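# Architecture and fold: a report
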Amino acid sequence: MIRRKEQYNEAIALTVTEEVRVRFNETDALGIVWHGYYITYFEDGREAFGRKHGITYLDVADSGYTTPIVKSICEHKLSLRYGDVIRVETSIVDTPAAKIIFRFKIFNTNNEIVCTGETTQVFLNKEGNLMLTNPPFYEEWKRKVGLLK
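Structure report, in brief. A quick note: this is a predicted structure, and the numbers were derived from the prediction, not measured. (Residues numbered from 1 in each chain as written. Predicted model: local features only at pLDDT ≥ 70, side-chain atom pairs only at ≥ 80, totals over all residues. Heavy atoms only, no water.)

### What about the sheet that holds strand E5 (residues 113-122)?
The condition is simple: Any two strands with at least two DSSP-identified bridges between them are counted as paired. A run of H or I in DSSP becomes a helix once it reaches four residues, and a run of E becomes a strand once it reaches two; helices and strands are each numbered from the N terminus. Here the axes come from fitting lines to C-alpha atoms, over the contacting stretch only for helices, and the angles between their N-to-C directions go from 0 to 180 degrees. Any pair of residues with heavy atoms lying within 4.5 Å of one another is described as a contacting pair.
In space, the 5 strands of this open sheet follow the order E1-E3-E4-E5-E2, with antiparallel pairing throughout. At either margin of the open sheet sits one strand with a lone partner, and together these are strand E1 (15-21) and strand E2 (69-76). Each adjacent strand pair in this sheet contributes to an overall mean axis angle of 20°, direction not counted. Bridge count for E2 against E5 is 7 bridges, and the pairing is antiparallel. The residue of E5 that forms the bridge with Glu-75 is Thr-116. Here helix H1 (residues 37-53) sits on the sheet and contacts E1, E2, strand E3 (85-93), strand E4 (99-107) and E5; the angle it forms with E1, its principal contact strand, is near 130°.

Listed below in structure tokens is the structure:
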């Protein structure tokens with residue numbers, strides 16, 4: 001079986017940066033952030049992206065869809081500690097497929113990359129059916145932000 005490699009448009013950079021303070025409950029007894037919370041920081045980044053670029057989870061729901069995560073990648077490079085103020089940089093990856101891909105970089109206060117990652121979300125309609133083409137609201141959004149002509 002031959003698989004077609006997806007083409008991504010890296011020319012248009014839609015990126016948002018969000019600051020997050022590491023909370024006490026996110027750390028272990030040594031004050032180091034538990035690895036699972038990095039996915040929560042990715043969520044903070046997706047929320048900030050949606051607010052800035054007009055595609056929040058509520059916008060998606062109001063259009064009659066949900067976008068569950070079907071894949072997440074998280075690569076840890078350095079540790080975070082209680083009280084750190086981090087920067088979550090979130091970018092969307094343009095793909096013609098019916099999915100939303102976000103890439104993340106998390107920086108510490110020294111501007112060092114502590115984590116990188118990616119999430120992939122698909123579209124489900126009200127009945128819970130997987131959409132094989134981009135929903136009309138998403139195509140409209142992509143035109144509005146310059147990802148489609």
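### Considering the nonpolar core
Formally: Only buried residues count toward a nonpolar core, which is a set of Ala, Val, Leu, Ile, Met, Phe, Trp, Tyr and Cys residues joined through side-chain atoms within 4.5 Å. Note on classification: 1.4 Å probe, protein chains only; a residue is buried when its accessible area is under 20% of the maximum for its type, exposed when over 50%, partly exposed between these limits.
The biggest cluster of nonpolar side chains holds 30 residues, and the ones touching the most others in it are Tyr-41, Leu-80, Ile-92 and Ile-106. Of all elements in the fold, only E1, H1, E3, E4, E5 and helix H3 (136-144) reach the threshold of two or more residues within this core. If you tally residues by element for this core, the top one is H1, at 5 residues.

### Topic: H1
What counts, and what does not: To estimate the expected span of a helix, count its residues, drop one, and scale the result by 1.5 Å.
When the terminal C-alpha atoms of H1 are compared, their 24 Å separation across 17 residues agrees well with the 24 Å that a helix rising 1.5 Å per residue should span. Burial in H1 covers these residues: Tyr-38, Tyr-41, Phe-42, Gly-45, Arg-46, Ala-48, Phe-49, Gly-50 and His-53. Just past H1, the residue Gly-54 takes up positive phi, approximately 75°.

### Structural notes on unusual backbone geometry
Located in the positive-phi region is Asn-111, a residue other than glycine, with phi close to 65°. When you line up the elements, Asn-111 lands in the loop between E4 and E5.

### Observations regarding the packing of aromatic side chains
Put simply, the test is: Only centres within 6.5 Å qualify two rings of Phe, Tyr or Trp (six-membered ring in Trp) as a pair; their planes then separate them into stacked at under 30 degrees, edge-to-face at over 60, and tilted for everything else.
By the definition in use, this model includes 12 aromatic pairs. Summarising the aromatic geometry, the rings of Phe-24 and Tyr-82 are spaced 5.6 Å apart at their centres and angled 85° between planes, so their arrangement reads as edge-to-face. Taken together, the residues Phe-24 in the loop between E1 and H1 and Tyr-82 in the loop between E2 and E3 connect sequence positions 58 residues apart. The interplanar angle of 5° and the centroid separation of 4.2 Å between the aromatic rings of Phe-42 and Phe-104 together place this pair among those described as stacked. Pair noted here: Phe-42 is in helix H1 and Phe-104 is in strand E4, with a separation of 62 residues, a long-range link. Of the two residues, Phe-42 and Phe-104, both sit in the buried class. Connected via pairs of aromatic rings, a cluster forms that spans Phe-42, Phe-49, Tyr-65, Phe-102, Phe-104, Phe-123, Phe-137, Tyr-138 and Trp-141.

### Here we look at the state of the cysteines
Put simply, the rule is: Any pair of cysteine sulfurs within 2.5 Å is marked as a disulfide.
For the coordinates displayed, the defined rule picks out 0 disulfides. Looking at Cys-74, it has no disulfide partner, and the nearest cysteine sulfur is the one in Cys-115, 3.4 Å off.

### As for the pairing of E5
Burial analysis of E5 places 9 of its 10 residues in the buried class, the great majority of the element. Sheet analysis places E4 next to E5, joined by 9 bridges and oriented antiparallel. Across the sheet, residue Ile-100 finds its bridge partner in E5, namely Gln-121. Remark: 5 residues form the turn of the hairpin made by E4 and E5, two consecutive strands paired antiparallel; Asn-111 in that turn has positive phi of roughly 65°.

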